[in-house]
Amino acid sequence: MLVGAKKPGIGGELLLGQSLRPDFSVYPKGEGSASPAYVAFDKQVLCFDAYFQEDVHEKPEEPYRIRECKIYFYLEDDTIKVVEPEVKNSGIPQGTLLRRHRIPLPPPNEDQYYTVYHFNINQQMALYSRIFSITDCDLFTRNFLRKLGMRLKSPAPTPEDPYSILRSKMEESMKPLRPYERADIMKQFMDHDREVLRFFCHWDDSEAMFGDGHKLVLHYFLADDTIEILEVLSANAGRDAAPKFLHRSKLPKHAPSTKRQPGETTDRTVLNVFGPMGQGGRYILDSRKINDQRSLCSSCDSQTGAVYEEFYKDCDLTIGAVINVWGRKVVICDCDGFTKEYYRTKYGIEDFTPVKYKAPPVPKRTRQVPPYSGFGSEEDSLCSCQGLLPKPLQKDFRKQLEKDRQGLESNVLRFVAKMVTDNPIDSERKFIISFFLCDDTISVFEPPQRNSGMVGGKFLERGRIKKPGQEQFQSDLSQYFKAQDLYVGARVIFNTQEFQLVDADEYAFHYMEQHAEEFPKANIGTIVSKLKSLCESRMKEIKQAFRMNDPGNTGVIAYEPFRNLLAEVAGDQLSEHEIMVVGRHYGSPETPGSDLGYLLSLAQEQLRKKQFESFQQMVDSFVHDDQDRYRRVPWPQEHSSIEAPFNLFQLSPSLRPASRFGDQIKLPSICKQSNHTRLCVAR
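First, a word on scope: everything that follows refers to the structure included in this document. (Residues numbered from 1 in each chain as written. Predicted model: local features only at pLDDT ≥ 70, side-chain atom pairs only at ≥ 80, totals over all residues. Heavy atoms only, no water.)

A short note on the overall build of the chain
- Scanning the chain for helices and strands turns up 17 helices and 23 strands.
- Contacts in the chain between residues far apart in sequence, at least 24 positions, make up 53% of those at least 6 positions apart.
- When the accessible surface of the chain is split by element, carbon and sulfur atoms take 52% of a total near 46,600 Å². (Helix = DSSP H or I, 4+ residues; strand = E, 2+ residues; numbered from the N terminus. Contact = heavy atoms within 4.5 Å. Areas by Shrake-Rupley, 256 points an atom, 1.4 Å probe, with all protein chains shown as cover.)

As structure tokens, then:
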């Protein structure tokens, strides 16, 4: 090739007899991106099927050899790669014959390289003096060449290799020493690795001396058909805890069997042996494949003397089956959920009824507790009967902590009660019954009444009170009054004295309504449903009574006629507490009246909580502000005169006129009455 042959003449025009050829493949321009070839055809490869003939000079039975290969043409840079697929037992180096690079054309055009236009089906190509015959291509290559406008020839067949034909005939006629058949155990391992069937078994060893029943757990490993058995020992069983009842291994069906000599048990049977032993000896393996029919034959074949041993498979393990574990008869009684699903999916078994292998447990005898002796409490006497070393009674500390007094939350239900008696003097006495939720104790207090003739004070010490009508000396624990037994209208008997609850404080009503699931008498839902069933037949009378008690048609009536109406309609079906709950739920809130005593009680309560005791400084401040000595201070000056931690008159703005005299306030009397250390005002 001459120097400058690729350069055009003067002015860019070709010289006479000069023709320029591109170094790379030139593709026709189409619609779309104008990217270069190394970008547009990145990772796009044309694949051709080809072969070449190789002469063999040293073997008379093989004059030549046909070697198939793949030719890859990379569109991005016109590089070519030739790969020969590896053939088993070929004996020749195979793989990549030509690494990827640009291959020049054969002489006299060695200055040029192969492009995409040099490839076609059913043609020959010379790659470095080796002739490759292209027979076919893949679908992508066929479509690509057609889009370039090339006419593809019909595919050509690949000639047969004479040595490959001879080799296949030899393999068919000869009997190999070891067949190519193999058991693919890795597939079973990969499919069922970590999948284990679990069965619950029982072994009855009661026939032996000092024998009894044994609980066993059988694990069947699907990965390799091995079995492992563990023994379940109960507490104080008296037997040594062995690590395993049976180590993981294949379990033979006919065990224990006679011991075999080395070589008797083999994968394939040797049918005949002749000639000298060792090198030069000849032997014939079993071609009848008796070993593959081991499930159809006995443990020893009578014709060939082959010994086969049967092992337990998953199909042999079913509920109720008896398996032979080296001479021990083990019954399969049950299995777990995964095992049931496995047998239901693979074998279609639906019946998994467990086998009962032991008698039902003997019912435990109830411990007879002696009756209460009268010494100490019943709980202490019961604890002394439950063990040799008496233990103190365990109290419910959680309940005590949750229901103990916490700030303003007292957790004490207080009720007003009267005696139920024929004595007119005792029937007028009032009592305060306090129920403590932390320990279910009750105390009764009688507030002193002027000119009643009765000394007030503690009427009943705080403690738990038994319900009436119970035997004193009995084995069972006595029943005590609970919070649910106390409600307005209830009659209770405390130590032979009968009381009737006539009222309760606001905290008791509020607590019972907030915990309506514990107190059915305060559950508004239950009460309303009871009222619906009672008032269905008398609905007209109830509406007429409402109209009579509400002449102004305001939609509101007084509590007394409402209470009398419900008592008349329900009778004994509704208690007084339930009627009050209905009135509280549907009643309208009342505005507090102007009461100076109420204001002072609020002031004392707030001062006591904040531990305020500087009352003398408060009086001195009042004297300083009272410059005219009128012992009154104008209303706007109450903020500067009173140095209390809060403003007294902000507690209830409606009580402001109650402490005023014209436009002035009598602060000396208010300061004196607010002193909680000397005077206590009841709310």
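Here the narrative resumes.
Comments concerning the sheet that holds strand β3 (residues 79-84)
- Taken in spatial order, the six strands make up an open sheet running β4-β3-β2-β1-β6-β5, and their pairing is antiparallel. Taken across any chain shown, the strands that pair with only one partner, and hence form the sheet edges, are β4 (95-101) and β5 (123-127). Sheet twist, expressed as the average angle between the axes of neighbouring strands with direction ignored, equals 30°.
- The sheet contact formed by β3 and β4 spans four bridges and is antiparallel. Each residue of the ladder has a partner; that of V83, found in β4, is T96.
- Running over the sheet, helix α2 (residues 139-147) touches β1 (45-55) and β6 (130-137) and is turned about 110° from β1. (Pairing = 2+ DSSP bridges. Axes fitted to C-alpha atoms, helices over the stretch in contact; angles between N-to-C directions.)

Observations regarding the packing of aromatic side chains
- Across all of its chains, the model carries 18 aromatic pairs by this definition.
- Their ring planes at 70° and their centres at 6.1 Å tell us that F199 and Y343 sit as a pair that is edge-to-face. Pair noted here: F199 is in strand β7 (residues 196-204) and Y343 is in helix α5 (residues 337-346), with a separation of 144 residues, a long-range link. Note on accessibility: F199 and Y343 belong to one class, buried.
- Both rings, one in F459 and one in F499, keep their centres 5.9 Å apart while their planes meet at 90°; by these two values the pair is edge-to-face. Pair noted here: F459 is in strand β18 (residues 457-463) and F499 is in strand β20 (residues 497-504), with a separation of 40 residues, a long-range link.
- A residue is classified by how much of its surface remains accessible, and F499, at 1% relative accessible area, is buried.
- Joined through ring pairs, the aromatic side chains of F431, F459, F481, F494 and F499 make up one cluster. (Phe/Tyr/Trp six-rings, centres within 6.5 Å; stacked < 30°, edge-to-face > 60°. Buried < 20%, exposed > 50% of the residue type's maximum accessible area, 1.4 Å probe, protein only.)

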